[in-house]
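# Structure assessment
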Amino acid sequence: FRRVLFRVKVDANEKGNKKNTAERAKAIKAHLELLSHAASCDGPPSCALNNCQRMKKLFEHVKICDISPKKSCKVCSRLLTLLTMHSRLCTVRGRCPLPFCDRIRERNRRRKRQQQLMDDRRRQAQNQLYRQSEQHA
C-alpha cells in the first residue's frame, strides 16, 4: 500500500511536449474518476476493482496518518492535491461523499470571500485617494 497510484512525472526536457501534457491530463482525469468511484463504492464483494480498494486504503491512510502537517507525508500530499482538484470541480449540492471535499470547498469559499473583502478595501482606499487629490487640485 506504499505504492502511490497517481505518480505522474514530467521530465524537464518534455515539459513543452503537448503529448505528455495530454497524457498527464488524461491520467489526472482517470484518478479523479477513480476518486469519485471509490468514495461512493461499497467495496467487495460488489466491486472487484483493484484500484478502488487501493484508493479506499489511501482514504484511510489520510484519516489516520500521524505525520503532521500532512504535507510532509507524500501519500497524504498527493491525495489531498487530488481532493483539492476534485473540490474545485465538484458540483454536488450539499454533502459530497468524498472525504475532505466539503471542508476544502468551504475553505476555498472563505479564502475567496477574504480576497474579495481585501480587494474592496484596496479599491475604496484608491478611490478615496483619488477623490482627495481631485479636491486639492
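Since the model is a prediction, treat every value here as computed from it, not as a measurement.

### Some thoughts on the overall build of the protein
Broken down by element type, the protein carries four helices and zero strands. The helix and strand sequence of the protein, counted from the amino end, reads α-α-α-α. Nonlocal contacts in the protein, meaning residues at least 24 apart in sequence, comprise 39% of its contacts between residues at least 6 apart. Accessible surface computed for the protein: about 10,700 Å², of which carbon and sulfur atoms make up 50%.

### Comments concerning the pattern of salt bridges
Inspection of the entire model under this criterion finds five salt bridges. Across the pair arginine 105 and aspartate 102 runs a salt bridge, and its minimum N-O distance is 2.8 Å. With arginine 105 and aspartate 102 both in helix H4 (residues 101-136) and three residues apart, this pair spans about one turn of that helix. Looking at arginine 105, the relative accessible area reads 10%, which means it is buried. The exposure class of aspartate 102 is partly exposed, given its relative accessible area of 25%.

### Here's the deal with the environment of serine 36
Secondary-structure assignment places serine 36 in helix H1 (residues 18-40). The exposure class assigned to serine 36 is partly exposed, which follows from its relative accessible area of 29%. Put simply, serine 36 and proline 97 are 61 residues apart on the chain and 8.0 Å apart in space, counted from C-alpha to C-alpha. Among all residues touching serine 36, those that are not within four sequence positions of it are His86 and Leu98.

### A few points about the nonpolar core
Core analysis: the biggest nonpolar cluster contains 24 residues, and Leu35, Cys52, Met55, Phe59, Leu79, Leu83 and Leu98 have the highest contact counts within it. Going through the elements one at a time, H1, helix H2 (50-64), helix H3 (74-89) and H4 are the ones with two or more residues in this core. Once you skip the residues sitting within four places of it in the chain, leucine 83 turns out to touch Leu35, Leu98, Pro99, Phe100 and Ile104.

### Comments concerning the side chain of arginine 105
At 2.8 Å, the side chain of arginine 105 and the backbone oxygen of valine 92 are in polar contact. Discounting residues that sit within four places of it in the chain, arginine 105 has contacts with Ser87, Cys90, Val92, Gly94 and Cys96.

### Some words on the packing of H1 against H2
Close contact between H1 and H2 brings their axes to 9 Å; oriented N to C, the two are set at 75 degrees. Considered as vectors, H1 and H2 are oriented roughly perpendicular to each other. Residues His31, Leu34, Leu35, His37, Ala38 and Ala39 of H1 touch H2, and the partners they reach there are Asn51, Cys52, Met55, Lys56 and Phe59. Each residue belonging to the contact of H1 with H2 can be placed in one class, and the counts come to seven nonpolar, three polar and one charged.

### Considerations on H1
Helix length check: H1, at 23 residues, gives a terminal C-alpha distance of 33 Å against a target of 33 Å (1.5 Å per residue), a fit within 8%. Within H1, the full set of buried residues consists of Asn20, Ile28, His31, Leu32, Leu34, Leu35 and Ala38.

### Description of the confidence of the model for the protein
Looking at the protein, pLDDT values average 82 and 84% of them are 70 or higher. H1 is the least confidently modelled element of the protein, averaging 86 in pLDDT, while H4 averages 91, the highest of any element.

### Concerning the state of the cysteines
The final tally for this structure, using the stated rule, is zero disulfides. As a non-bridged cysteine, cysteine 73 has cysteine 76 as the owner of its nearest cysteine sulfur, 3.7 Å distant.

Reading the values: rules and limits
- Residue numbers restart at each chain and count upward from 1, following the sequence in its written direction.
- Selection of residues for local features in this predicted model requires a pLDDT of at least 70, selection of side-chain atom pairs for listing and counting requires 80 or more, and totals for whole chains, interfaces and linings are taken over all residues.
- Just so you know, side-chain values use all the structure's heavy atoms and leave hydrogens and water out.
- Secondary structure elements follow DSSP: runs of H or I of four or more residues count as helices, runs of E of two or more count as strands, with numbering from the N terminus.
- Here a residue-residue contact requires only that any non-hydrogen atoms of the pair lie within 4.5 Å.
- Areas reported here follow the Shrake-Rupley algorithm with a probe of radius 1.4 Å; residue values treat only the protein chains shown as occluding.
- A side-chain nitrogen of Lys or Arg and a carboxyl oxygen of Asp or Glu constitute a salt bridge if their distance falls within 4 Å.
- Burial classification: accessible surface area is computed with a 1.4 Å probe over protein chains only, and a residue below 20% of its type maximum counts as buried, one above 50% as exposed, and the rest as partly exposed.
- To define a nonpolar core, start from buried Ala, Val, Leu, Ile, Met, Phe, Trp, Tyr and Cys residues and group those joined through side-chain atoms within 4.5 Å.
- For the purposes of these results, a polar contact is taken to be a pair of N or O atoms within 3.5 Å, where, inside protein, one atom must be able to donate a hydrogen and its partner to accept one; residues adjacent in sequence count only when each atom of the pair is a side-chain atom.
- Every axis corresponds to a line fitted to the C-alpha atoms, with the helix fit spanning only the stretch in contact, and the corresponding angles, defined between N-to-C directions, vary from 0 to 180 degrees.
- In this scheme, roughly parallel covers angles under 35 degrees and roughly antiparallel covers those over 145, while 65 to 115 is roughly perpendicular and the rest are oblique.
- Classification convention: Asp, Glu, Lys, Arg as charged; Ala, Val, Leu, Ile, Met, Phe, Trp, Tyr, Cys, Pro as nonpolar; all other residues, Gly among them, as polar.
- In this scheme, a helix's expected span is set at 1.5 Å multiplied by one less than its residue total.
- Residue-level confidence of the predictor is summarised by pLDDT, bounded by 0 at the bottom and 100 at the top.
- By definition, disulfides here are pairs of cysteine sulfur atoms that lie within 2.5 Å.

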